[in-house]
Amino acid sequence: DAGITQSPRHKVTETGTPVTLRCHQTENHRYMYWYRQDPGHGLRLIHYSYGVKDTDKGEVSDGYSVSRSKTEDFLLTLESATSSQTSVYFCAISQGQLNTGELFFGEGSRLTVL
Amino acid sequence: AQTVTQSQPEMSVQEAETVTLSCTYDTSESDYYLFWYKQPPSRQMILVIRQEAYKQQNATENRFSVNFQKAAKSFSLKISDSQLGDAAMYFCAYVPTSGTYKYIFGTGTRLKVLA
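Scope of this entry: the structure provided in the associated data block.

Rules used throughout
Residues numbered from 1 in each chain as written. Chains lettered and ligands numbered in written order. Predicted model: local features only at pLDDT ≥ 70, side-chain atom pairs only at ≥ 80, totals over all residues. Heavy atoms only, no water. Helix = DSSP H or I, 4+ residues; strand = E, 2+ residues; numbered from the N terminus. Rg over C-alpha atoms; globule rule 2.2 N^0.38 Å. Buried < 20%, exposed > 50% of the residue type's maximum accessible area, 1.4 Å probe, protein only. Areas by Shrake-Rupley, 256 points an atom, 1.4 Å probe, with all protein chains shown as cover. Lys, Arg positive; Asp, Glu negative; His and termini not counted. Charge placed at Lys NZ, Arg CZ, Asp CG, Glu CD. Core = buried A, V, L, I, M, F, W, Y, C linked by side-chain atoms within 4.5 Å. Contact = heavy atoms within 4.5 Å. Buried area = accessible area lost by both parts, 1.4 Å probe. Salt bridge = Lys/Arg side-chain N within 4 Å of Asp/Glu carboxyl O. Polar contact = N/O pair within 3.5 Å; in protein donor to acceptor, adjacent residues only side chain to side chain. Nonpolar A, V, L, I, M, F, W, Y, C, P; charged D, E, K, R; others polar.

Attention now moves to the overall build of chain B. The helix and strand inventory of chain B stands at 0 helices and 12 strands. Helices (α) and strands (β) of chain B occur, in sequence order from the N terminus, as β-β-β-β-β-β-β-β-β-β-β-β. Taken over the C-alpha trace, chain B has a radius of gyration of 14 Å; the compact-globule value for 115 residues is 13 Å, and the two agree within 12%. Overall, the C-alpha framework of chain B stretches about 45 × 25 × 20 Å when taken along its three principal axes. For chain B, buried positions account for 50% of its 115 residues. Just so you have it, chain B exposes about 5,400 Å², and 46% of that area is on carbon and sulfur atoms. Side-chain charges of chain B comprise 11 positive and 10 negative groups, with the mean position of each set lying 5 Å from the other.

If you want it as structure tokens, here you go:
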């Protein structure tokens, strides 16, 4: 298994509070991603990173920010959580073409915003 | 824009029978990877099979095989001799081999296996 750890795994919070999800990898993979999974929508890309301090937006980036100050950590922040951000969040990593292109996933973090 | 479409929200198959899950995609890239991922109730995402666009030969992994039609931009997954453990959500995914390296996923197909 790829060494990917997400924390917290479960979180319940209230509308308007800030939330940070952490993704930690031990594989030294270059690319890191945050997806959200919702019924009927599959996995949608929020933000991704292609190196330390190099990040870019995905298709559903509004209301989210990210930071990557070290190769191994990729943080996803909800500055002011809303009920529409209730979801399961997946972190994923890839070495791109260096590793057959496979995307490795963390176990997911379930966030509930009341 | 690059998109991945899975038009079957749910499929059912009898145990030991064969089922095919459909996936189409849209891209102007010539080189890319395509994937099928399985998500059982445990929520873990598991790679089932991978196809490189420049390879004409269809990928196979034991009971899983794909029908890759590059011109038609179609990438279907065939599961032979279906087993109860195959019941899961299946996602088709695409990533170009150059540029941004963003993985795009379809909306998924829930597969039920009937005993």
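Quick look at the nonpolar core now. All names here are of chain B. In this structure, Y25, W36, F75, L77 and Y90 are the most contacted members of the largest nonpolar core, which totals 26 residues. Where this core is concerned, the elements lending two or more residues are β3 (19-21), β5 (32-39), β6 (46-52), β8 (64-69), β9 (74-79), β10 (88-96) and β12 (109-114). Top contributing element to this core by residue count: β10, with 4 residues. Sequence-distant contacts of Y25, that is, excluding residues within four places in its chain, are made with T3, V4, Y32, L34, F68, Q69, K70, K73, S74, F75 and Y94. Counting residues in each nonpolar core, the second largest holds 22 residues, with Y33, M45, F91 and V95 among its members.

This brings us to the interface of chain A and chain B. At the junction of the two partners, chain A supplies 29 residues and chain B supplies 18 residues. When the two sides are added together, the surface that chain A and chain B hide from each other amounts to roughly 2,000 Å², 52% of it contributed by carbon and sulfur. On the surface where chain A and chain B come into contact, there are 0 salt bridges. Our count for the contact surface shared by chain A and chain B stands at 8 residue pairs in polar contact (both at pLDDT 80 or more). Every element with two or more residues in the side of chain A that touches chain B is listed here: β4 (31-38), β5 (42-51), β6 (54-57), β9 (87-94) and β11 (109-113) of chain A. Looking at the side of chain A that touches chain B residue by residue, the class counts come to 10 nonpolar, 13 polar and 6 charged.

No statement about biological role is implied by the geometric values presented.
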